[in-house]
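Inside the fold
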Amino acid sequence: MDILHYSRLQNPTNKLLRPHPRLTVPSTSSSLSLRRFSVRSSLPLPVQNAKYNRELRAAVDAVERACCLCVDVKRSLFTSDGRILEKNDHTPVTIADFGVQALVSLELGKLFPSIPLVAEEDSAFLRSNNLVNSVVNVVTDKASSQDKALTQTDVLEAIDRGGKFGPNPATYWVGLALVVEGHIVLGVMGCPNWRVDKSNKSTSKISGMIMVAHVGCGTWSKGISDLQNGMNWIKCLVDGYTLVHKGRFCISESQTWESLPLSSSFGSTTNVDNVGVKEVLLLPTCCGSLCKYLMVASGRASVFIQRARDDRVWDHAVGVICVQEAGGKVTDWNGDQLDLAADEVERRALFPPGGILVSNNSLHKEILHIIASNSTVVS
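Everything numeric here is computed off the predicted structure, so don't read it as measured data. (Residues numbered from 1 in each chain as written. Predicted model: local features only at pLDDT ≥ 70, side-chain atom pairs only at ≥ 80, totals over all residues. Heavy atoms only, no water.)

Considerations on the pattern of salt bridges
- According to the stated counting rule, one finds 10 salt bridges in the structure shown.
- Here K292 ties to E253 by a salt bridge, and the two come within 2.4 Å at their closest N and O atoms. With a gap of 39 residues between them, K292 in helix α6 (residues 289-297) and E253 in the loop between β10 (248-251) and β11 (267-269) connect regions that are remote in the sequence.
- In this structure, the salt-bridge partner of D311 is R309, at a minimum N-O distance of 3.7 Å.
- Among the charged side chains, a salt-bridge network with shared partners connects D61, R65, E107 and K110. (Salt bridge = Lys/Arg side-chain N within 4 Å of Asp/Glu carboxyl O. Helix = DSSP H or I, 4+ residues; strand = E, 2+ residues; numbered from the N terminus.)

Given below as structure tokens:
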């Protein structure tokens, strides 16, 4: 479930990821692995009395628990002396993916049983690969207090709830974004392996980051380990770059700069100290689309551009509201808003003409013009 990014992370080069001067992210040192804990996460002050504050609080709670689950699963990959265990399959990633979805489904389902959930996984794979007990164990460890112990049936039904979707619901969760009457009204995403800058140093340490957004209330971020200690939320703002060649770009790991229409106007480089006149800076980034949205929303990148592929709503919905509430813009390559209901039956797929453009807003119109001038794909 791609609300979180953990074991597959390739952490971005710290030098490139310092936020725009309008945003400073605090460093933390607390452990992320909280076991059998009770969460009462505070919300940013402007959100505390917002229309959907109860739903947002529940989503923050679920993401914090899920981040801790991911950290524990990742730790299972290492020996006591820090060496990486040899694993030829993707079992830990699979357990974390299914564990996150089950945990989120259980936590949201307890408070909002009538709101359906659109999510990625179903339990058939777990059943056929004898992984059910492993997922039950990691979920039980992080779930909120239960009157009775979780059973295999509880966890499997929670996972499969993400695949059951009635016709035209007015309100539904997609990942950890809440959609009401076709509009995303809140979103929460977490990155437990996010490296937070140390002040004025070229090294970084893992603190993890959580980002929240509520319509009309802005986007806010906090170190995951800060959620319990009263540290203030940091308001997120997109960067202020107004010239395309000065902007900082993210692209999908599966795509090359040369495959994108902007390559007809600009070359690219990853060398921050040697960006040519007709080049743009490409940032090394974490895996997954949501990390790119996080970078744009927090002012660490100016643009995320992606050619259309097998796009799933949960890879984008949370990021959309986080970028928009931080002052940015998200459209397809025609300049239209993403249609979350394009998949009329399941609400799972996106069909953006050409691709998806995420920006700081200042660069959006010019980039759309370049795309239209150099692309024959947009239709």
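Additional details are given in the paragraphs that follow.
Description of the UniProt feature "binding site: Mg(2+)" (unreviewed entry) in the protein chain
- With numbering matched to this structure, UniProt assigns "binding site: Mg(2+)" (unreviewed entry) to E120, I159, D160 and D315.
- Judged by its relative accessible area of 0%, I159 falls in the buried class.
- Setting aside chain neighbours within four positions, we find I159 in contact with F98, Q101, A102, E121, D122, S123, L126 and V135.
- Mapping D160 onto the fold places it in helix α5 (residues 152-161).
- When sequence neighbours within four positions are dropped, the list of residues in contact with D160 reads D122, S123 and R127.
- Polar side-chain contacts of D160 include one of 2.7 Å to the side chain of S123. (UniProt positions renumbered as here; feature names shortened; annotations may be inferred. Buried < 20%, exposed > 50% of the residue type's maximum accessible area, 1.4 Å probe, protein only. Contact = heavy atoms within 4.5 Å. Polar contact = N/O pair within 3.5 Å; in protein donor to acceptor, adjacent residues only side chain to side chain.)

As for the sheet that holds β11
- Read from one edge to the other, the open sheet built from six strands follows the order β11-β12-β10-β13-β15-β14, with strand pairing classed as mixed. At either margin of the open sheet sits one strand with a lone partner, and together these are β11 and β14 (329-332). Averaged over all pairs of adjacent strands, the angle between their axes in this sheet comes to 30 degrees, without regard to strand direction.
- Relative to strand β15 (residues 355-359), β14 runs antiparallel, the two sharing four bridges. Paired with D332 across the two strands is I356, which belongs to β15.
- Of the strands in this sheet, β10, β13 (303-307), β14 and β15 touch helix α8 (residues 364-374), which is tilted by about 20 degrees from β14. (Pairing = 2+ DSSP bridges. Axes fitted to C-alpha atoms, helices over the stretch in contact; angles between N-to-C directions.)

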